[in-house]
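An overview of the molecular structure
Okay, here's what each chain looks like letter by letter:
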Amino acid sequence: MIELRKITEENFMDAFNLKLAPGQERFVSHPIRSLAQAYVYREQCQPFGIYEGDTMVGYVMVIYDFEIPEYDIWHMMIDGSAQGRGYGGLALDQVLDYIKAKPFGNSDRVTLTCNRDNIQALNLYKSKGFKETGAVDEDEIELSLMMQ
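First, a word on scope: everything that follows refers to the structure included in this document. (Residues numbered from 1 in each chain as written. Predicted model: local features only at pLDDT ≥ 70, side-chain atom pairs only at ≥ 80, totals over all residues. Heavy atoms only, no water.)

Some words on the nonpolar core
With 31 residues, the main nonpolar core has I73, I99, V110, Y125 and F130 as its most contacted residues. Every element with two or more residues in this core is listed here: β1 (2–6), β2 (45–52), β3 (55–65), β4 (70–78), α3 (87–100), β5 (109–115), α4 (119–127) and β7 (140–146). With 7 residues, the top contributor of residues to this core is α3. Within the second largest apolar cluster, 14 residues are counted, among which are I7, L18, V28 and M77. (Core = buried A, V, L, I, M, F, W, Y, C linked by side-chain atoms within 4.5 Å. Buried < 20%, exposed > 50% of the residue type's maximum accessible area, 1.4 Å probe, protein only. Helix = DSSP H or I, 4+ residues; strand = E, 2+ residues; numbered from the N terminus.)

Some thoughts on the pattern of salt bridges
Per the stated rule, a full pass over the model turns up 8 salt bridges. With a closest N to O distance of 3.2 Å, R5 and E3 form a salt bridge. Given the relative accessible area of 26%, R5 is considered partly exposed. Across the pair D54 and R5 runs a salt bridge whose closest N-O atoms are separated by 3.9 Å. (Salt bridge = Lys/Arg side-chain N within 4 Å of Asp/Glu carboxyl O.)

Observations concerning the pairing of β7
Sheet topology note: the β5/β7 ladder contains 7 bridges and is antiparallel. In the strand pairing of β7, T113 is matched with E142. Bridge analysis of strand β6 (residues 131–137) against β7 gives 4 bridges, and the strand direction is antiparallel. Each residue of the ladder has a partner; that of V136, found in β7, is I141. In this structure, the hairpin formed by β6 and β7 is closed by a connection of 2 residues, where E138 is found at a positive phi of approximately 55°. (Pairing = 2+ DSSP bridges.)

Some points on helix α2 (residues 31–40)
Buried residues of α2: P31, S34, L35, Q37 and A38, and no others. End-on, the buried residues of α2 take up no more than an arc of 160°, which puts them together on one face. Within α2, the exposed residues directed more than 90 degrees away from the buried face are Y39 and V40. (Arc of directions from axis to C-beta.)

A short note on unusual backbone geometry
Here the bond from I68 into P69 is cis, since omega is -25°, no more than 30 degrees from zero. Positionally, P69 belongs in the loop between β3 and β4. Phi angles above zero are rare outside glycine, and H75 is one such case at about 60°. Summarising the element assignment, H75 is placed in strand β4. Overall, the relative accessible area of 13% leaves H75 in the buried class.

Here's the deal with the sheet that holds β7
Taken together, 7 strands build an open sheet; the order of strands is β1-β2-β3-β4-β5-β7-β6 and the sheet is mixed. Two strands lie at the open edges of the sheet, namely β1 and β6, each paired on one side alone. When the angles between neighbouring strand axes are averaged without regard to direction, this sheet yields 30°. In this sheet, β4 lies alongside β3 in antiparallel orientation, the contact comprising 7 bridges. Bridged to D65 within β4 is E70. (Axes fitted to C-alpha atoms, helices over the stretch in contact; angles between N-to-C directions.)

Have a look at this one:
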């Protein structure tokens, strides 16, 4: 059973210890960078550890963009040792449930970016209803979902 837990003083070091599988460093930033961003944007974001039992197996951050407005999913990653077990899809479902509660503001739009070569992640996002918007920034493509 997967559970999202807010990153706190008690568990942030677990996030620092997460590792991507070899070759995935170009797909997602390490949680250290994301947690620095979470501090800067602390009034509009929430970082989460993705847990199986008492073990953090991944990380994800939800941020609200007041200007658009929309929710963004940043830096979602599953530790290399825990990949291939369905954790990403289960965690994404819980992230979307969190966003449905509109914790930072009113919007039904959820956006994320994904490296165009990260086929496994692209397939996951598309399986959850995300669609490519056509926006591209270097190797990153934008996908968006309208929540019901």
